[in-house]
Structure formats: C-alpha cells, structure tokens
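Per-entry structural report
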Amino acid sequence: MSRTALRICPLCEATCGLTLTIEGTEVTGARGDRDDVFSKGFICPKGASFGAVDGDPDRLRTPLVREDGELREATWEEAFDAVAAGIRPVVERYGPNSVGVVLGNPNVHTMAGALYPPVLLAGLGTHSVFTASTVDQMPKHVSSGLLYGDALAIPVPDLDHTDHLLLIGANPLESNGSLCTAPDFPGKLKALKARGGTLTVIDPRRTRTAKLADRHIAIRPGTDALLLAAMAYTLFDEGLVDPGELTPHLQGLDELPDAVRDFTPEAAADACDVDAGAIRVLARELAAAPTAAVYGRIGSCTVPHGTLASWLVDVLNVLTGNLDRPGGALFPQAATDKTPRPAGPGRGFALGRWHSRVSEHPEAKGELPLSALAEEIDTATEQGEPIRAVIAVATNPVLSAPDGDRLDKALGSLDFMVSVDPYLNETSRHAHVVLPPPPPSQSPHHDFAFNALAVRNQVRYTRPAVPLEPGRMAETEILARLTLAATGMHGADPSAVDDLVIGQTLGKAVKEPHSPVHGQDPHELAARLTGVSGPERRLDMMLRLGPYGDGFGVRPDGLSLEKLLAHPHGIDLGPLASRLPQPLKTASGKVELLPRPLADDLPRLRAALRERADGLVLIGRRHLRSNNSWMHNVPALTGGSNRCTLHIHPDDAERLGVRDGADVRLKGAGGEVTAPAEVTDVVRPGVVSLPHGWGHDRPGTRLGHAAADPGVNVNQLLDGSLLDPLSGNAVLNGVPVEVAPVAEKITPLT
Ligand code: SF4
C-alpha cells in the first residue's frame, strides 16, 4: 500500500517542495509538489532521484568505532563514549584550538546542521574552524560584512521582476542557483526574456545558461574584478551614476571615482580578453535598463580577487540605483530572521581577529581557510599546538580542499577524529568514530539558510516523511549528543542543548526594547513553545520572535509552528521589498561603499591589469545531476554527460596533440591527474575545464558505485597556496596548468 508525503528537497539550494511516494518505509518516487507556495511543482533530475539518494544501500546504518586500527559496528552509547574519550583529553592537554571543527556544505541543507554546530563551536571555544565557505562563497560574506556590516546580508536579484540581468561566473541552468534560492531558475530566466528583458552572461565557457543569453562574454578566467571595475569606471566616466533613493544611505560614494580611476575599459580589455567597447556597452546597458541586477557567483568568487569582485557586483547595483529596489537586488527577509531592530549604527564587521598558526591567514567570519587545514594539522610551529583532533560534520575535504593527498595524510596522523557522515568516504575513512545520520526522508526539514537568500519570502516546514528506522538516531540528536560529548557534558540529556539555546535566546529577547516579548518572563515564554522535539520548539521560538511572528500572542495573526503545520505546502510571505536602512549593521549605519580593507586591496587589482600569464588555465564546471561529491554513488545521477572529463578547445587540442576521448595528463602546482579529454568549443581557447568532487579511488571507503567510476580529484592540482587574501577563499578558477597527452612528458612548471 503506497502513500504520499511532502518533503522539501535538500539536494541543492533551490529548496523545491516534493511529493514523495512511499511504500512501507521506502521512497519509491518523487514529483514536484504543485501546491508548494514557492516551487509550484518544479523538480529537476536530482529531486526526481530523491528515492535513490535516500535508499542508497551504501549508507551506513550504525555507528562505527575504530578498534585495533579497524572500524567496527558499534552501539550509539559506545560511539559517544569514544567521542568523549577522544576529544576531551586533547582539549584539556593542548587547549581548545587543538580541536579542529570542519563543516561541509550539506550542513546548510539540514535542520541539524543549522541548529547545533553554533552551540558546538561556542562550547568548544576553538578558533580552528573550517567550512566549505572558503572553497566557495566566503568572498561574498566578507564583501557583505564590509558593505553592510553583516556577512549574512546578501542581496539577491529580483528574478521575477527585473528587466536586465547580468550574470557573472554563474551557471544556474546547471546549479539551479546558488546564494540565490529560486526554484525553477531556468524558467525564471526564460520568463525574463519572454517579458522583453535581457540576459547577459559573462563566463569563460559557453554554458547552457550562456546559450540562453542575449549576450555572452567569454571572459578570461580570474579577471572578473577587472571587468566589473572597468564597468564602474565607465559609469562615472560617462555620467551614468544615479543611486537615486539610495543616496542618503550611502557613505563613500565620492571616493569611488578615484578608487576605480585606473580601471579604464581600455586598460582592462587585454587582461580580460574583452573588447573595451564591449565593456562600455555592458555598463551603458546596465545604466539604461529600467531595472537591472548584477549577480556574481562561484566563478567570480573562487578567484584571486574574489572579494573585490563580490564587492564590485554590489557597487554596480548601487551606482545604477538598483540595490534595494524591486527589479534590482534586494535583501530577503526570512521568517526565522532575528526580530528586526530599529535602523541605526551597528557593531560593524571585523576581519582578522585571529590568524592561522602556520601561514598566518586572517580569520573571516570566524573561519580559517579550508586550504590551510592540512598544514594546521601537520606542521609544528612556535605559535601554538597543531590540530590534534578533528570533528568533521558532513564534509569530505579530502576531495573538496586543495591538495587532498596532503590532507589525507594529515587526517591519518590525528590523535582522534569523529565524522558525522552517512558514508564511509575519502575523509570519514580516517575517523575513529563515524556517526551516520538517517536518510533525508527520516529527518524533518526547514531551510534556515536558504530562506534568507530566497527570491520570494516564504516559509515551509516538513516533518519526517518516514519514521526513524529502528537503531537509527535523529540527526539533531546525534549533533546534540556530539556537542555534549565534546564539551565536557557527556551523558547529559540531549534536550539540554535545546533548553540552553531556548533559555539564552528568550532571556536576551525579553531585554530588547524592540522585541515583541520585551519585559516578559522567559520561563513562561519557554513553557508556551510547541513542537514534538527540541528542534521543533526552537523553530517555533524563532518563528514567533521573527519578523512575521505572532510575538507570543502580541500579533495573533503572526507565524508560529502550529500555524506552519496547518499549511503543509508552506506560507507565502510576499515578494521581496526594499528594506534599507534596517538591515545595515555598519558602524556608520550606512552602506559603506569603500571600506578600508577593500581600498587596501585595490593596488593588487591594479597590478593585475598588467599581468597576463600565457598558457592554459583551469576552471571547474557544474552538472545538473551532481552536487559536489555527495551524489556520485547514485547510479541514476552519474554517467551520460555527468562525467569527469577535461573540456579542451579544439585549437588547444590540436596544438597539444590531444585527441577526443584520449587520456591527458594535467599538471598543476599541487600534483598531477589523468583524465579523458573531451574536445569541445564550449570552452574558450586557453581554458580547460574539469569538474570537482571526483576522485573516489582511495582504499577503505564504502562507495561501491562511485569507486567503479571514480574520476579524478581536480583539487589535487592545487597546492593550497593560492587564496583570495581578504576572505581566505581558495582560488579554484583561472589556475595555471599544463596539459599533455599521457604518452608525452610534461615539462615542469616555471
Ligand atoms: S532544483 Fe534542487 S531543490 Fe529542486 S528538485 Fe532539483 S535538486 Fe531538489
């Protein structure tokens, strides 16, 4: 007897509502939920494969504990005993920074990942924090932190209303959007064109998104900031600057012309390989459009000037009056955002409050670069103890960080490591304890992170579609127990973690004059929370204190968990709207257009006007049926065009003697890999492209399908030394490589 259940899809940032078909406890089908208030029935091939992802037979079912060098199945009690016995002695002997916490990208796709790691980090007090952000979007966080005083205040393009969209380094037809949550992003681009709008794509590859565009500019990889700076220059040069109603909220506008003075289109043209006239046209079109939005993504972040590029994206939106206006780029307002405080000066954003021990990288948003994880483990210095224990949650940095071979070795040398992971993969194989969360069908879901990036305000929550299998532990409980075990409270009831957060949050809220619960008794408020679990009570609290909340009865029509549960397809909260100056938390209370760290980084960008390395450069690429390294063990999502091949332009292939389908060797600063060539003119000459997340050929994993078609690890070509200095983000695009047919010898890099 089959039944259906709703589940928000956790497989990418678009957060589509799914209707699952379930036979017994098995998910046998998935289709788009036509009544979902946000996604309205959209689904992509990944979502349609939810059942296969969920039911992957290689998922671990019980905890594993290392004994005599071997991982064996264990009880949950044994596993958490081992975690406490592994972590606490390290903290007590070497201090909290000797425990590294590594958080992977799937954490933003689960409720547990949003709710518990902050408590773990606060309880441990370690500065050794590494996340997927520094191989992805940290430049955008730093840019937002400096511009708006809040690293999480990221404006998103108003896709449904804009007249002109300029995408740089983004391929939403494959990614379905990133740092911009929009189910059916492809449909929204087609709708933009259908209503007479224009789409411009700047990308070294003629991606599927670029093919849809009115104009495609095949920029030289890594030069995005130069092109954007030249567009800003043009706006000033041609008298096209008009911030409009933003003007009273801006600080530093008068200093910008001087800051971009050297970036004339003519000066940038050669470095970018984009004609100066074309750069001027891009700027003029942006200024002339009734509304417009510039949106930059991974290709403009994972480059040497990623923070400057991210900043310039927003600067262009400001200069053309498109920041914070409908049709431009707007700040979403999520239902679980904090109670909006009155506009006014805030504490601002600080960078470099501490530094990594070995290479002295500054922290950004409380994190150190993932690129530095290996050296922080394997290198002794006088600056303090190396990392001796690692807590890894939903992360596979052996594949996702530069120089996986070195990290692989470093992880193997740790005194202790615990992984929260459904798989025994290239990273978790080093753990002393592996704690497997249940499949997604058995977990509740609410998007704390992505609703704050959504192109329409809405709120949805789905309870587990399938009951927890016997012997399983809820992911929220795993992370709560892990937090207790790692922070010296092993054995306490896991609800203590939720109670602590609830007590602290309500205790603070009642003291805030702008809070709807100002002056009330926090214990009485806590007693009124609903929900069948600690995580649900926390969600209820956040909803009720949030911008649309019922304020615990102050606004009876407002949101609460109870109300949300009565709307299983979600509640629409309306289109994005202008919000400035309320979201600003800068010391001035304004948008600080030329913050000192960015101004100080401009000479490096000026120098790049004159740099132009010859030879091939490497870029990544995204595939619709993939998401980092997570899904390579699902047969339905591999094969076909989702393969780990090297895209190379026919001119380069001919020059190098590379044949389509034949193996080629790539050499970079971090090592060599061999991959089959795919000769194609979708990449521009001088550029080769290899996807990431592959390289499933290490021993000791349990990824049967992935190991049968392992691909190669593109990040092995990197040595971890190339970073955007402001954000610590790894440079993954525009990296020099040498390519040769396997039979030929490669000359060393100079
Ligand atoms: S677009 Fe993303 S969220 Fe939507 S179905 Fe596909 S993987 Fe799931």
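See the structure shown above.
Just so we're clear, the structure is a prediction, and the values are computed from it rather than from any experiment.

A short note on the overall build of the protein
Helices and strands together make up the secondary structure of the protein, namely 26 helices and 29 strands. Against the compact-globule benchmark of 27 Å for 750 residues, the protein has a radius of gyration of 25 Å, which places it among compact chains. Along the three orthogonal principal directions, the C-alpha set of the protein runs to about 65 × 65 × 60 Å. The buried share of the protein, reckoned over its 750 residues, is 63%. Summarising the internal contacts of the protein: among those between residues at least 6 apart in sequence, 73% fall at separations of at least 24. Looking at the protein as shown, the accessible area adds up to about 26800 Å², and 52% of this sits on carbon and sulfur atoms.

What to know about the pattern of salt bridges
In a structure, side chains of opposite charge can pair up when their charged atoms sit close to one another. Across all of its chains, the model carries 43 salt bridges by this definition. Note that Glu-367 is salt-bridged to Lys-365, the shortest N-O span being 3.8 Å. For Lys-365, a relative accessible area of 28% translates into the label partly exposed. A salt bridge links Arg-544 to Asp-540, with the shortest nitrogen-to-oxygen separation between them at 3.3 Å. Here Arg-544 pairs with Asp-540, and both are found in helix α22 (residues 534-545), just 4 residues apart, close to one helical turn. Across the pair, Asp-540 and Arg-544 agree in class, each one buried. The network of salt bridges with shared partners includes Asp-237, Glu-238, Glu-266, Arg-280 and Arg-284.

Comments concerning the packing of helix α3 (residues 76-94) against helix α19 (residues 475-486)
At their nearest, the axes of α3 and α19 sit 8 Å apart, and the two run at 35° to each other. In terms of crossing hand, the pair formed by α3 and α19 is right-handed. Between α3, through Trp-76, Phe-80, Val-83, Ala-84, Ile-87 and Arg-88, and α19, the contact on the second element is made entirely by Ile-478, Arg-481, Leu-482, Ala-485 and Ala-486. Tallied by class, residues from the contact of α3 with α19 come to 9 nonpolar, no polar and 2 charged.

Quick notes on the sheet that holds strand β4 (residues 64-67)
Within the open sheet, the 7 strands sit side by side as β5-β4-β17-β16-β15-β6-β7. Their pairing is mixed. Of all the strands in the sheet, the pair left with one neighbour each is β5 (70-73) and β7 (129-131). Sheet twist, expressed as the mean angle between neighbouring strand axes with direction ignored, is 15°. As defined by bridge partners, strand β16 (residues 416-420) adjoins strand β17 (residues 433-435) across 3 bridges and the pair is classed as parallel.

Let's talk about the sheet that holds strand β10 (residues 198-202)
Spatially, the 4 strands line up as an open sheet ordered β11-β10-β9-β13, and their pairing is parallel. Sheet topology places β11 (215-217) and β13 (293-296) at the edges, where each strand pairs with a single neighbour. Here the strands of the sheet are splayed against their neighbours by 15° on average, with no regard to which way each runs. Contacts from helix α8 (residues 185-194) reach β9 (164-168), β10 and β13 within the one sheet, and its direction differs from that of β9 by about 135°. Sheet contacts for helix α15 (residues 306-319): β9 and β13; angle to β13, the most-contacted strand, approximately 175°.

With respect to the environment of Gly-366
Inspection of the secondary structure assignment puts Gly-366 in the loop between β14 (329-330) and α16 (373-378). Among the residues examined, Gly-366 registers a relative accessible area of 17% and is labelled buried. C-alpha of Gly-366 to C-alpha of Trp-354: the two residues are 12 residues apart in sequence and 8.5 Å apart in space. In this structure, Gly-366 is in contact with Val-129, Arg-353 and Trp-354, ignoring residues within four places of it in sequence.

Side note on the packing of aromatic side chains
Each aromatic ring pair is summarised here by two numbers: the centre-to-centre distance and the angle between the ring planes. Taken as a whole and assessed by the stated rule, the structure comprises 3 aromatic pairs. Judged by centre distance (5.0 Å) and plane angle (90°), the rings of Tyr-148 and Phe-331 are edge-to-face. With a gap of 183 residues between them, Tyr-148 in helix α6 (residues 138-148) and Phe-331 in the loop between β14 and α16 connect regions that are remote in the sequence. Across the pair, exposure class does not vary: Tyr-148 and Phe-331 are buried alike. The side chain of Arg-388 reaches across the aromatic face of Tyr-94, ending 3.9 Å from its centre.

Section: the environment of Ala-410
Topologically, Ala-410 is positioned in helix α18 (residues 404-412). For the pair Ala-410 and Asp-273, spaced 137 residues apart in sequence, the C-alpha separation works out to 40 Å. If sequence neighbours within four positions are ignored, Ala-410 has contacts with Ala-374, Ile-377 and Asp-378.

A short note on α22
The terminal C-alpha atoms of α22, which comprises 12 residues, lie 17 Å apart, in line with the 16 Å expected from a rise of 1.5 Å per residue. Counting buried positions along α22 gives 10 out of 12 residues, so the element sits mostly inside the fold. Of all the residues in α22, the buried ones are Gly-534, Pro-535, Glu-536, Arg-538, Leu-539, Asp-540, Met-541, Leu-543, Arg-544 and Leu-545. Considering only its buried residues, α22 is in contact with α4 (111-115), α5 (117-124), β18 (456-459), α19, α20 (495-509) and α23 (561-565).

Description of the packing of α15 against helix α24 (residues 596-608)
Between α15 and α24, the least distance of the axes is 10 Å, while the angle of their chain directions is 115°. Relative to α24, the element α15 lies roughly perpendicular. The two elements α15 and α24 cross, and the hand of that crossing is left-handed. Contact residues: Thr-307, Leu-308 and Trp-311 in α15; Leu-598, Asp-601, Leu-602 and Leu-605 in α24.

Things to note about the nonpolar core
Across soluble globular proteins, you tend to see nonpolar side chains buried next to one another. Judged by nonpolar contacts, the single largest core of 65 residues is most densely connected at Leu-226, Leu-227, Met-231, Trp-311 and Leu-593. It is helix α10 (residues 224-237) that contributes the most residues to this core, 10 residues altogether. Leu-593 has contacts with Leu-147, Leu-250, Gln-251, Gly-252, Leu-253, Leu-256, Trp-311, Val-315 and Val-318, leaving out every residue within four places of it along the chain. Judged by nonpolar contacts, the second largest core, of 52 residues, contains Leu-60, Trp-354, Cys-644 and Val-664.

Points about the environment of Asp-54
Counting through the fold element by element, Asp-54 comes out in helix α2 (residues 50-54). On the basis of relative accessible area, Asp-54 is assigned to the buried category, the value being 7%. In this structure the C-alpha to C-alpha distance between Asp-54 and Ser-428, which are 374 residues apart in sequence, comes to 19 Å. Those residues in contact with Asp-54 that lie beyond four places of it in its chain are Val-27, Arg-59, Pro-439, Pro-440 and Ser-441.

A closer look at the pairing of strand β15 (residues 389-393)
For β15, the buried fraction is high: 5 of the 5 residues fall into the buried class. Covered by surrounding structure in β15 are Ala-389, Ile-391 and Val-393 together with Val-390 and Ala-392, the residues of both alternating faces. As paired elements, strand β6 (residues 99-103) and β15 share 5 bridges and run parallel to each other. Bridge pairing in β15 places Leu-103 opposite Val-393. Note: β15 against β16, 5 bridges, orientation parallel. Bridge pairing links Ala-389 to Phe-416 in β16.

Cut-off values and rules
- Residues numbered from 1 in each chain as written.
- Predicted model: local features only at pLDDT ≥ 70, side-chain atom pairs only at ≥ 80, totals over all residues.
- Heavy atoms only, no water.
- Helix = DSSP H or I, 4+ residues; strand = E, 2+ residues; numbered from the N terminus.
- Rg over C-alpha atoms; globule rule 2.2 N^0.38 Å.
- Buried < 20%, exposed > 50% of the residue type's maximum accessible area, 1.4 Å probe, protein only.
- Contact = heavy atoms within 4.5 Å.
- Areas by Shrake-Rupley, 256 points an atom, 1.4 Å probe, with all protein chains shown as cover.
- Salt bridge = Lys/Arg side-chain N within 4 Å of Asp/Glu carboxyl O.
- Axes fitted to C-alpha atoms, helices over the stretch in contact; angles between N-to-C directions.
- Left-handed = near helix turned anticlockwise from the far one by under 90°.
- Nonpolar A, V, L, I, M, F, W, Y, C, P; charged D, E, K, R; others polar.
- Pairing = 2+ DSSP bridges.
- Phe/Tyr/Trp six-rings, centres within 6.5 Å; stacked < 30°, edge-to-face > 60°.
- Lys NZ or Arg CZ within 6 Å of the ring centre and 35° of its normal.
- Expected span 1.5 Å × (residues − 1).
- Parallel < 35°, antiparallel > 145°, perpendicular 65-115°, else oblique.
- Core = buried A, V, L, I, M, F, W, Y, C linked by side-chain atoms within 4.5 Å.

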